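So you can see what is in the structure, the chains are spelled out below.
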Amino acid sequence: MILVTGATGALGSLIAERLSGRGDTVLGTRDPRQLEASLPVRRVDFDDPGTLVEGFAGVDVLLLVSAGYGEDDTVIARHGAAVDAAEKAGVGQVVYTSLTAAGDHLPYALPHRWTERRLRESALRWTVLRNGLYAELLAAIAAPSADGRITAPLGEGRLAAVARADLADVAARVAVEAPAHAGRVYELVGERAVGGADLARAHGPHVTYEPGTLAGARAGIAASGAEAFQVPMLVGTYSAIAAGFLSHTTGDLRRLLGRAPRSPLTAALA
Ligand SMILES: NC(=O)c1ccc[n+]([C@@H]2O[C@H](COP(=O)([O-])OP(=O)(O)OC[C@H]3O[C@@H](n4cnc5c(N)ncnc54)[C@H](OP(=O)(O)O)[C@@H]3O)[C@@H](O)[C@H]2O)c1
């Protein structure tokens, strides 16, 4: 049996769609009432480890979608509880959605690497899907203002952005074929790195790219009502892209999709 966690999230729900025809798949979410699904649903809340005993019962493949919003200690506690429970429940293999190695400079990399190490040191079989940053995330953090200006502080930096739907396709495939992917780490970044100027062009002639500064972005994010941990997350994302750390591409995504990846600009503008 396959269990997909985080099934109401943007990535989890796309994965659930792809597995919806299967008789061997169940979905996990913190609040099953929020989920109208054709598959059975279990309550799975990493902040409430008691839910994981029943939640993981009978599961062969746990598709562990990272629960990455929070301070590092919060996220580590969540993922640690999930791996502890998987061991106790006798889960055969954990497929974990991690972060691309190119993202090591990002402020939210540490809990991903912690979780990878926890899995490597466990008795479980595991597969690590090191997801690149979503094209949809780039679109959100570099959206044009009402007067048509993209001021995100990306400089000349580019991001090997990946459509979330492609990551869902790969995750669903790997979950179904899990034993063939045991012990593997995949770098799932896009094949084409895109920057602020590319985004502006894709929006059309009414949009220009006029990159601002990190200091300006930090002040704007802090004033927007963002939670304290989100400020360094977002500023660090701009900084890593601008400094050229996230433009690296690999062929893992195409190999696992068995086709060309979706266009990051089309995904960003959708
Ligand atoms: N690669 C990227 O660009 C990128 C961008 C943003 C985030 N991420 C990471 O990738 C994950 C999935 O992305 P997404 O786009 O689907 O984000 P999302 O739509 O915000 O979904 C967040 C997910 O976290 C789950 N979650 C939160 N707290 C949890 C808990 N205590 N126990 C179990 N699950 C919990 C939610 O599950 P339920 O609500 O269903 O319980 C939901 O699936 C994120 O959580 C984050 O770690 C990656």
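Residues numbered from 1 in each chain as written. Predicted model: local features only at pLDDT ≥ 70, side-chain atom pairs only at ≥ 80, totals over all residues.

Digging into helix 6 (residues 164-176)
Now for step 1: With 13 residues, helix 6 should cover 18 Å at 1.5 Å per step; its first-to-last C-alpha distance of 19 Å lies within 8% of that length.
Now for step 2: Among the 13 residues of helix 6, 10 are classified as buried, and the element is accordingly described as predominantly covered.
Now for step 3: All of the buried residues along helix 6 are A165, D166, L167, A168, D169, V170, A171, A172, V174 and A175. (Helix = DSSP H or I, 4+ residues; strand = E, 2+ residues; numbered from the N terminus. Expected span 1.5 Å × (residues − 1). Buried ≥ 20, exposed ≤ 12 C-beta atoms within 10 Å, placed from the backbone.)

Overview of the site of the ligand
Now for step 1: Not every one of the 24 residues close to the ligand is listed here, only the nearest: G6, G9, L11, R30 and G68.
Now for step 2: Per element, the largest residue contribution to the shell around the ligand is three residues, and it comes from helix 1 (residues 10-18).
Now for step 3: Split into classes, the residues belonging to the shell around the ligand amount to 10 nonpolar, 10 polar and four charged. (Near = placed C-beta within 6 Å. Nonpolar A, V, L, I, M, F, W, Y, C, P; charged D, E, K, R; others polar.)

Re the environment of G58
Now for step 1: With respect to the element layout, G58 can be found in the loop between helix 2 (50-55) and strand 4 (61-64).
Now for step 2: Between the C-alpha atoms of G58 and D198, which are 140 residues apart in sequence, the distance is 47 Å.

Some details on the UniProt feature "domain: NAD(P)-binding" (unreviewed entry) in the chain
Now for step 1: The UniProt entry lists residues 6-175 under the feature "domain: NAD(P)-binding" (unreviewed entry), expressed in the numbering used here.
Now for step 2: When the span residues 6-175 is considered, its composition is 38% helix and 18% strand, and the gap between its end C-alpha atoms is 15 Å. (UniProt positions renumbered as here; feature names shortened; annotations may be inferred.)

With respect to the packing of helix 3 (residues 72-89) against helix 4 (residues 109-120)
Now for step 1: As a packed pair, helix 3 and helix 4 sit with axes 9 Å apart at the nearest point and diverge in direction by 25°. Considering the angle they form, helix 3 stands roughly parallel to helix 4. For the pair helix 3 and helix 4, the crossing hand works out as right-handed. Touching D72, V75, I76, H79, G80 and V83 of helix 3 are L110, P111, W114, T115, R118 and L119, all from helix 4.
Now for step 2: Classifying every residue of the contact of helix 3 with helix 4 gives seven nonpolar, three polar and two charged. (Axes fitted to C-alpha atoms, helices over the stretch in contact; angles between N-to-C directions. Parallel < 35°, antiparallel > 145°, perpendicular 65-115°, else oblique. Left-handed = near helix turned anticlockwise from the far one by under 90°. Contact = placed C-beta atoms within 7 Å.)

Re the environment of A202
Now for step 1: Following the sequence through the fold, A202 ends up in helix 7 (residues 196-203).
Now for step 2: As a C-alpha pair, A202 and G58 span 144 residues in sequence and 47 Å in three-dimensional space.
Now for step 3: Not counting residues within four places of it along the chain, the set of residues in contact with A202 comprises L265 and L269.

A word on the nonpolar core
Now for step 1: Judged by nonpolar contacts, the single largest core of 80 residues is most densely connected at V4, L62, L63, V94, V95, A161 and A171.
Now for step 2: Leave out the neighbours within four places in its chain, and V94 touches L62, L64, V83, A86, L119, L124 and W126. (Core = buried A, V, L, I, M, F, W, Y, C linked by C-beta atoms within 7 Å.)

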